Amino acid sequence: MVINTKMEYTHIMNFLFIGLQILILHQRFPRIQLFQFIIGFVFGFLLDVNM
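In short, a report on the structure.

Scoring rules and cut-offs
Residues numbered from 1 in each chain as written. Predicted model: local features only at pLDDT ≥ 70, side-chain atom pairs only at ≥ 80, totals over all residues. Heavy atoms only, no water. Helix = DSSP H or I, 4+ residues; strand = E, 2+ residues; numbered from the N terminus. Expected span 1.5 Å × (residues − 1). Buried < 20%, exposed > 50% of the residue type's maximum accessible area, 1.4 Å probe, protein only. Arc of directions from axis to C-beta. Contact = heavy atoms within 4.5 Å.

Considerations on helix 1 (residues 6-25)
Over its 20 residues, helix 1 runs 28 Å from end to end, which matches the ideal 28 Å to within 8%, given 1.5 Å per residue. Where helix 1 is concerned, the buried positions are Thr10, His11, Asn14 and Ile18. All buried residues of helix 1 project into a common sector of 100° when viewed along the axis, lining one side. When the buried face of helix 1 is taken as reference, the exposed residues oriented beyond 90 degrees from it are Leu23 and Ile24. After helix 1 finishes, the residue His26 shows a positive phi value of roughly 50°.

In structure tokens, the structure reads:
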């Protein structure tokens, strides 16, 4: 797998970190925190647009 852009790297790291949060916290993981996926996607997209 080749990562070509900062957006791709940001998405992979975002999914990894949120996945780890879910694994560590299990039932204590607040569902509202799933919005991190949306924020991470927008942040990665904006990084690519501005670079």
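Some details on the side chain of His11
Structurally, the position occupied by His11 is in helix 1. Its relative accessible area of 16% is what places His11 among the buried residues. In contact with His11, not counting residues within four places along its chain, are Gly40, Phe41, Gly44 and Phe45.

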